[in-house]
Amino acid sequence: MAKEIEKANEEEEDSAVRLLREMGYKQELYRGFAPFMSFTFCFTAVNVLASLTIGFSLSLATGGSAIAIWSWFVSSIFTILVGFSFAEICSIYPSAGSVYHWAGELMTARYAPLTCFICGWFNFIGNVTSDVTLSSGFATILNAAMIISGNSSLSTGVQTGISIAISFIWVTTNALRIDRQGWIHTLATGIQIGGVAIIVIVLFAMARQQATAEDVFTSTYNGTGFPFIYVCFIGVVPALFSFSGYDAGAHLAEETRDAGRATPKGIVGTCICSAVVGATYLLALLFSIPNVRSFVESNQHSGGELNLAIATYQLAVPSPGPLLLTILLLVNLYFAGMSSLTATSRISFAMARDGVLPFSAILRWIFQPTKTPIATLIFLFIFESSFLLLQLVAPTAFSAFLASSTLGLQISYGIPVLLRCTVARNCFGLGEFSLGRFGQPIAVISSAWLFLTSFIMFFPFQYPVTSENMNYAVVIIGGTLLVAAVYWIVSARHWFLGPKRTNIDSTPLLPVQDLNKESYQGLPSSDSVRP
């Protein structure tokens, strides 16, 4: 029996390696992820327990209970639809490039290089700022643990140092071979689900006073200074951030066995499970706050240094309960950040492999003993640390990180889904995961949702808008895209062809791919243009 299982695994790996070769790449990363690990990795990367917590203060300040819970319900529905579209595309193109690679495959030959270049850079900056948000959030929650244990609040400089230190620890953990990380993610999934169960039970059982259902689902709070209709729009930002990262499993497709089947299931399973787990946790928090207005304002008057989710623990649970629950959150934040950095390193590696990033020849280097992109990990640590230092000069840097992360990922998600229902609508192939006749309408709805909500990420969160409270997401995204634009104009546009477009057995070529073959004639081979 053991030999038969081993033989089946070898056949699956051989077919996966062959498929990867047909997409124009060789197997450089270690394919050691079991199919179930694809789900646990994706679920850990999203980690709604951690992401909802670090965005909870913003949620209550921009709408209160009603906006927070209804935004979650609406975001859940549309995110699950996007997840279905992702799964359908990923089953045909299971590569580390994920949305970047898909955009190049689904676009016409003439515009494929520019399209995937733009999509890749948006996904790159979205993942980078997601890592930054999680490391900054880790320091914030650790500071909250210090406060509720009776110690003084940590200075901004100390919290920034902690953020950089935890980022370094995540880098060292990511140097492990991927199958070793897979077991950590599986453990993290159990801890996340168990952690939510413990927190929900404790809050409902021990809360001194609870809000009514009417309070939770209808009461609002506007601490922004903007009209309420405006708040209804920006109130969706924390929910969207909490869901972002469900493409993480796709970035590990080249390291997952039977990726064409396992990765799509992991994406859909993550979206559904995260929606349910997140709603349960959010409801437990909101029912533990009898009066949102007095709760938020009292915390603001006391300095506003305590995350409002932690303040909710203090309100509902006697000591030392809040500290124990906060430690549980820190454990989940650690795993979330570790998984998020893994996904970021893979999209960075995939882009470097095709020459999309500056210094790609260096960044694509693989450390052979573990088959991990060590050079990319070192680069990401340096790059993300520079973003974390912005906290020393900009008090609203955290909100900008959160909005930038969500914006970058939303746009990069929307590009391949839009192409699937427009350019490739008549010749989109069938993979291991297919939506059949529902694929087209779901893709239309998903792309509309992704692009419409992307505009919201530029909106400020406070009025009147000043240099201290403005939303600096436009600066972070704009600055990064400026670098990308200069690199494209000066260099990449002269030689970059995008991911290699090939005829995969179950996937009919797009009509323009014959033209694409002609466009490669007389040009360097795909291997020669990749450093």
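Residues numbered from 1 in each chain as written. Predicted model: local features only at pLDDT ≥ 70, side-chain atom pairs only at ≥ 80, totals over all residues. Heavy atoms only, no water.

## Some words on the packing of helix H20 (residues 397-421) against helix H22 (residues 473-490)
Here is step 1 of the chain: Interaxial distance between H20 and H22 falls to 8 Å at its minimum, and their mutual angle equals 50°. Taken together, the axes of H20 and H22 lie oblique to each other. Like other packed secondary-structure pairs, H20 and H22 cross with a definite hand, here right-handed. Each of Ala400, Phe401, Ala403, Ser404, Leu407 and Gly408 in H20 lies in contact with H22, whose residues at this interface are Ala473, Ile476 and Ile477.
Here is step 2 of the chain: Residues that form the contact of H20 with H22 fall into these classes: seven nonpolar, two polar and no charged. (Axes fitted to C-alpha atoms, helices over the stretch in contact; angles between N-to-C directions. Helix = DSSP H or I, 4+ residues; strand = E, 2+ residues; numbered from the N terminus. Parallel < 35°, antiparallel > 145°, perpendicular 65-115°, else oblique. Left-handed = near helix turned anticlockwise from the far one by under 90°. Contact = heavy atoms within 4.5 Å. Nonpolar A, V, L, I, M, F, W, Y, C, P; charged D, E, K, R; others polar.)

## A word on the environment of Asp179
Here is step 1 of the chain: Following the sequence through the fold, Asp179 ends up in helix H9 (residues 178-206).
Here is step 2 of the chain: The residues touching Asp179, leaving out its near neighbours within four places in the chain, are Tyr30, Gly32 and Met37.

## Quick look at the packing of helix H7 (residues 112-148) against H20
Two numbers describe a pair of packed helices, the interaxial angle and the distance between the axes.
Here is step 1 of the chain: Contact geometry for H7 and H20: axes closest at 7 Å, N-to-C directions at 150°. Crossing of H7 against H20: the hand is left-handed.
Here is step 2 of the chain: Looking at the contact of H7 with H20 residue by residue, the classes come out as 13 nonpolar, 13 polar and no charged.

## Focus: the pattern of salt bridges
Here is step 1 of the chain: Overall, the coordinates contain six salt bridges when judged by the stated rule.
Here is step 2 of the chain: Measuring nitrogen to oxygen at the nearest pair gives 2.8 Å for the salt bridge that ties Arg353 to Glu254. Placement of the pair is Arg353 in helix H17 (residues 321-353) and Glu254 in the loop between helix H13 (248-251) and helix H14 (259-287), with a sequence separation of 99 residues. Comparing Arg353 with Glu254, the two get one shared label, buried.
Here is step 3 of the chain: Among the ionic pairs, Arg346 bridges to Glu255, the shortest N-O distance being 2.8 Å. Here Arg346, found in helix H17, pairs with Glu255, found in the loop between H13 and H14; they are 91 residues apart in sequence, far enough to count as distant. For the residue pair Arg346 and Glu255, the accessibility class agrees, reading buried in each case.
Here is step 4 of the chain: Several salt bridges converge on common partners, so that one network encompasses Asp258, Arg261 and Glu432. (Salt bridge = Lys/Arg side-chain N within 4 Å of Asp/Glu carboxyl O. Buried < 20%, exposed > 50% of the residue type's maximum accessible area, 1.4 Å probe, protein only.)

## Things to note about the packing of aromatic side chains
Here is step 1 of the chain: Scanning all chains against the criterion turns up 29 aromatic pairs.
Here is step 2 of the chain: Ring geometry for Phe86 against Tyr413: centres 4.9 Å apart, planes inclined by 80°, an arrangement best described as edge-to-face. Residue Phe86 is found in helix H5 (residues 64-90), and its partner Tyr413 is found in helix H20; the two are separated by 327 residues along the sequence.
Here is step 3 of the chain: The class of Phe86 is buried, set by a relative accessible area of 0%.
Here is step 4 of the chain: Given the relative accessible area of 1%, Tyr413 is considered buried.
Here is step 5 of the chain: When the ring of Trp488 is compared with that of Phe496, the centres are 6.5 Å apart and the planes differ by 85°; the resulting orientation is edge-to-face. Neither Trp488 nor Phe496 differs from the other in exposure class; each is buried.
Here is step 6 of the chain: Feature note: the residues Phe117, Trp121, Phe124, Phe379, Phe383, Phe387, Tyr487, Trp488, Trp495 and Phe496 constitute an aromatic cluster, connected by ring pairs.
Here is step 7 of the chain: Here the guanidinium or amino end of Arg420 rests over the ring plane of Phe428, the centre of that ring lying 4.3 Å away. (Phe/Tyr/Trp six-rings, centres within 6.5 Å; stacked < 30°, edge-to-face > 60°. Lys NZ or Arg CZ within 6 Å of the ring centre and 35° of its normal.)

By themselves, these observations are geometric and do not establish any function.
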